[in-house]
Amino acid sequence: MRINDDLTKPVIVHSAELDWIPSPAAGVERRMLYRVGGEVARATSIVRYAPGSAFPRHVHSGGEEILVLEGTFQDEHGDYPAGSYFRNPPGTSHVPASNDGCTIFVRLWQYREGDDAQIVRQPGKGQAAPLRDGAQAARLLFEDAEERVSLEHWRPGSTVAVDNARGLEFVIVAGSLAMDGQTLQAQSWGRLPAGEKLNGLTGSLGTEIWIREAPLQHADVLPMPE
């Protein structure tokens with residue numbers, strides 16, 4: 001399966017318009033934003049857990065990155081309400097579930113060699129980040145020499161520009177953002193190749209946005225299994 005796999009082209013996906021696709025686990029469904037591969041894939045998805053659903057224990061051979069969008073995500077280590085962010089590097093495992101239901105943003109098999117930091121950020125946690133024009137709050141979720149991940153709140157009715165030297169990926173967490181003649185609502189996702197700046201106008205409720213500034217695929221990304 002190949003979905004939005006040309007990394008040289010900008011892409012915006014209004015995920016609310018996509019069908020939910022069942023996963024192998026009962027009650028767990030996905031909206032596929034980017035995918036290369038079958039059930040094991042290099043992938044970016046919105047995943048919805050019905051109340052009481054769970055996924056069997058599995059090992060993250062290629063790493064996993066998650067932002068909780070709605071509800072409370074859980075595993076045997078704890079509860080992660082909306083706004084939680086974590087990185088599960090290659091070799092980690094867990095039993096993901098949700099007693100009351102939740103929706104999460106997930107990136108799989110996009111780790112690079114040597115990225116082995118396991119990070120859990122509960123809502124509101126993370127170092128305060130410098131504010132760009134139009135922002136009222138920003139916090140750093142992860143940063144190293146290769147990538148920077150942040151969660152930002154942009155003021156209502158603001159024009160915001162994000163420079164793009166390496167590549168940008170983003171998801172609208174709340175509010176709305178007008179860009180390139182489109183209005184992006186909550187859970188809309190986008191990806192811009194290096195050199196293409198993000199220019200947007202926030203809606204009447206402002207915009208909460210998750211942003212990853214990094215190569216869209218690392219040169220040393222972990223290889224998929226044959």
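Before reading on, note that the structure itself is shown above.
Every chain's residues receive numbers from 1 upward, in the order its sequence appears when written. Local features in a predicted model are, by the rule used here, given only for residues with pLDDT of at least 70; side-chain atom pairs are given and counted only at 80 or more, and totals for whole chains, interfaces and linings are based on all residues. Heavy atoms throughout the structure, all of them, feed into the side-chain values; hydrogens and water do not.

## So, empty space enclosed by the protein
Put simply, the rule reads: Using a 1 Å grid laid over the protein atoms alone, points where a 1.4 Å probe fits but cannot get out form a cavity; open sets with protein on both sides within 12 Å along at least 5 of 7 lines form a pocket; any residue with an atom within 4 Å of a point counts as lining. Grid points are joined across faces, edges and corners, and a volume is the space filled by probe spheres set on the points. Only runs of H or I of at least four residues qualify as helices and only runs of E of at least two qualify as strands under DSSP, and these elements are numbered from the N terminus. Nonpolar residues are Ala, Val, Leu, Ile, Met, Phe, Trp, Tyr, Cys and Pro. Charged residues are Asp, Glu, Lys and Arg, and all others, Gly as well, are polar.
The tally for this structure, following the rule as stated, stands at three cavities of 30 Å³ or more. For the largest cavity, the calculated volume is near 60 Å³. In terms of lining residues, the largest cavity is bounded by Glu64, Glu65, Arg87, Arg107, Leu108, Trp109, Gln110, Tyr111, Asp115, Glu147 and Arg212. Secondary structure elements with two or more residues in the lining of the largest cavity: strand E8 (64-75) and strand E13 (102-108). For the lining of the largest cavity, the residue count by class is three nonpolar, one polar and seven charged. The space that makes up the second largest cavity amounts to roughly 50 Å³. Lining the second largest cavity are Tyr34, Arg42, Arg107, Gln110, Arg212, Pro215, Leu216, Gln217, His218 and Val221. Taken together, the residues that form the lining of the second largest cavity break down as four nonpolar, three polar and three charged.

## Considering the nonpolar core
Stated precisely, the cut-off is as follows: By nonpolar core is meant a set of buried Ala, Val, Leu, Ile, Met, Phe, Trp, Tyr and Cys residues that side-chain atoms within 4.5 Å join together. For every residue, the accessible area obtained with a 1.4 Å probe (protein chains only) is divided by the maximum for its type, and the residue is called buried under 20%, exposed over 50%, and partly exposed between those limits. Any two residues having at least one pair of non-hydrogen atoms within 4.5 Å are treated as being in contact.
Leu67, Tyr85, Phe105, Trp189 and Trp210 are the most contacted members of the largest nonpolar core, which has 19 residues in total. For this core, the elements supplying multiple residues, two or more each, are strand E2 (11-13), strand E4 (28-37), E8, strand E16 (135-143), strand E17 (148-154) and strand E19 (168-179). If we ignore the near neighbours within four places in the chain, the residues touching Phe105 are Leu33, Thr44, Ser45, Ile46, Glu65, Ile66, Leu67, Leu69, Glu169, Val171, Trp189 and Trp210. Counting residues in hydrophobic clusters, the runner-up holds 14 residues, among them Phe170, Leu177, Leu198 and Ile209.

## Some words on the packing of aromatic side chains
Under the convention used in this document: Stacked, tilted and edge-to-face are the three classes applied to pairs of Phe, Tyr and Trp rings, where Trp contributes its six-membered ring and a pair requires centres within 6.5 Å; stacked means planes under 30 degrees apart, edge-to-face means over 60, and tilted covers the rest.
The tally for this structure, following the rule as stated, stands at five aromatic pairs. Taking the centre distance of 5.6 Å and the plane angle of 75 degrees together, the rings of Tyr49 and Phe73 count as edge-to-face. Taken together, the residues Tyr49 in strand E5 (residues 41-49) and Phe73 in strand E8 connect sequence positions 24 residues apart. Looking at Phe73, the relative accessible area reads 1%, which means it is buried. An angle of 40 degrees between the planes, with centres 6.3 Å apart, marks the rings of Phe73 and Tyr80 as tilted. In this pair, the class of Phe73 matches that of Tyr80, namely buried. Cluster of aromatic residues (ring-pair linked, three or more members): Tyr49, Phe73, Tyr80 and Phe86.

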